[in-house]
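Listed below are the residues making up each chain.
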Amino acid sequence: MLIAVAGGYLIRKYLAEAKIASAEEAAKKILEDAQKDAEAKKREAILESKEEVHRIRHEAEKENRDRRNELQRLERRLLQKEETLDRKLDSLEKREDKLNKQEVSLEQKDRDIAEIYAQQRAQLEKLSNLTGEEAKELLLRDVENEIRHESAMMIKEIESQAKDEAEKRARDIISLAIQRCAVDHVAESTVSVVALPNDEMKGRIIGREGRNIRTLETLTGIDLIIDDTPEAVILSGFDPIRRQIAKVALEKLIADGRIHPARIEEMVEKARKEVENTIREEGENATFETGVHGLHPELIRLLGRLKFRTSYGQNVLQHSIEVSHLTGIMAVELGLDIQAAKRAGLLHDIGKAVDHEVEGPHALIGSDLLKRYQESPDIINAVAAHHGDEEPKTVDAVLVQASDAISAARPGARRETLEAYIKRLERLEEIANSFEGVEKSFAIQAGREIRIMVKPEKIDDILTARIARDIVKRVETELEYPGQIKVVVIRETRVVEYAK
């Protein structure tokens, strides 16, 4: 056992030593391999670093060469520019010398010219017997007269062109408005006729000792004319509302058959209320027909009163409605406020409803009424200015003037007596003939136009326009007329020769 143990121990020791020797050899080998690898990697790293250094050096040298080349190129350019600048400086110096010489020459020429001018001026003053200031003043006067004449001609030409364009545009608008507006007119007079069922009714109307007719005339303020006209009684009076009240009352009395003072008084009161209702209804119908809303009730009542008011035989309410339509149509063409234009047109003659009670022109009376009922300032101005009592401040005011003239001047709109018509034409020609230089004048177109012939040797073209304006002002101031009057002044020169 001891041998075995000793043998085992020796064997294990041998084996252990063999393993240790093997391990040491392996370690040495590994170490040697590692050292070889390290050496190899070190050599590779050294080679790579050398190559990197070489590359960087190569790039740096290349960059330096490029910069050196660029600097050389810039240096060459600078040299070229310096040479160019030197050449330009030489050229400028030569040019400056030349200019200096020319300046000296020009100064000498200026002195020579001034001397010659002074000699010529002295010679001219000697020949013309005028000093320089006098000649200058004379020349300026001539130039001023020439400029004034040319400016007058230019103004006349521009004014003529503007008038032609404005007249054409206005004619188009007015013709369109007239074509689109169709309103019936009622021509009334100062009498009304009441039909009777028989002639016996005349005696009942007169009454015992005329008490019935006296009562009716006293209550209504209207004259009853009972003559030989069969089955008719004529009511005469200048107040159309009173005449209407008398007519309604008499018709009610005739229908009732009981005619005595108490009954007459009762029927007159009923007729007055009925006419007042009619007035209000007519005012409301006018506002409805024209599309004008928001009027004060009193203004509506005053509009209704115009139903019984006439001007030159033209019913004023129908005239106001027509003016409202015309103004609205023209406002549409001009792109204005249609409602404001129609409102101004409808109210333009509102003053005629009370002009027999209040002193003054109906246009100003109407404007005062509209102020009282708080109408807008533009409407008030349009009403006040439609006959020229005030200056128009808005386009609506001008449209109301034009519409009023169109409605009043169209054929058949108004009536006037033959005697007044003839007097107006005679007065129109008399005004035209009163101007110096007028040879003869003719009122034509039923007094809508007057043509005036002037003497060409006394009146030139500029004075012709002035005479036309002066005649227009005299006509507007001294003559009453419906619508408008066209004044045409003609200057004509005729030369006649005979060949023998």
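Bear in mind that the values here come from a model prediction, so they are computed numbers and not experimental data. (Residues numbered from 1 in each chain as written. Predicted model: local features only at pLDDT ≥ 70, side-chain atom pairs only at ≥ 80, totals over all residues. Heavy atoms only, no water.)

Caption draft 1: Main features of the sheet that holds strand S6 (residues 438-444). Pairing in this open sheet of 3 strands is mixed, and the strands run S6-S7-S8 from one edge to the other. What marks the edges here is a single partner per strand, and that holds for S6 and strand S8 (486-491). Along the sheet, successive strands turn relative to each other by an average axial angle of 20°, direction set aside. Where S6 meets strand S7 (residues 449-454), 6 bridges bridge the pair, whose relative direction is antiparallel. Its bridge partner lying in S7, isoleucine 444 is registered against glutamate 449. With respect to the sheet, helix H14 (residues 461-478) is in contact with S7 and S8, its orientation differing from that of S8 by roughly 155°. (Pairing = 2+ DSSP bridges. Helix = DSSP H or I, 4+ residues; strand = E, 2+ residues; numbered from the N terminus. Axes fitted to C-alpha atoms, helices over the stretch in contact; angles between N-to-C directions. Contact = heavy atoms within 4.5 Å.)

Caption draft 2: The pattern of salt bridges, seen in detail. One pass over the full model with this rule turns up 19 salt bridges. Across the pair arginine 55 and glutamate 59 runs a salt bridge whose closest N-O atoms are separated by 2.8 Å. Taken as a pair, arginine 55 and glutamate 59 lie in helix H1 (residues 2-128) at a separation of 4 residues, close to a single helical turn. Classification of glutamate 59 by relative accessible area gives partly exposed; the value is 43%. Note that glutamate 266 and lysine 270 form a salt bridge whose closest N and O atoms lie 3.5 Å from each other. Of this pair, glutamate 266 and lysine 270 both sit in helix H6 (residues 261-290), 4 residues apart, roughly one helical turn. Beyond isolated ion pairs, a larger network of salt bridges with shared partners links Asp256, Arg258, Arg263, Glu266 and Lys270. (Salt bridge = Lys/Arg side-chain N within 4 Å of Asp/Glu carboxyl O. Buried < 20%, exposed > 50% of the residue type's maximum accessible area, 1.4 Å probe, protein only.)

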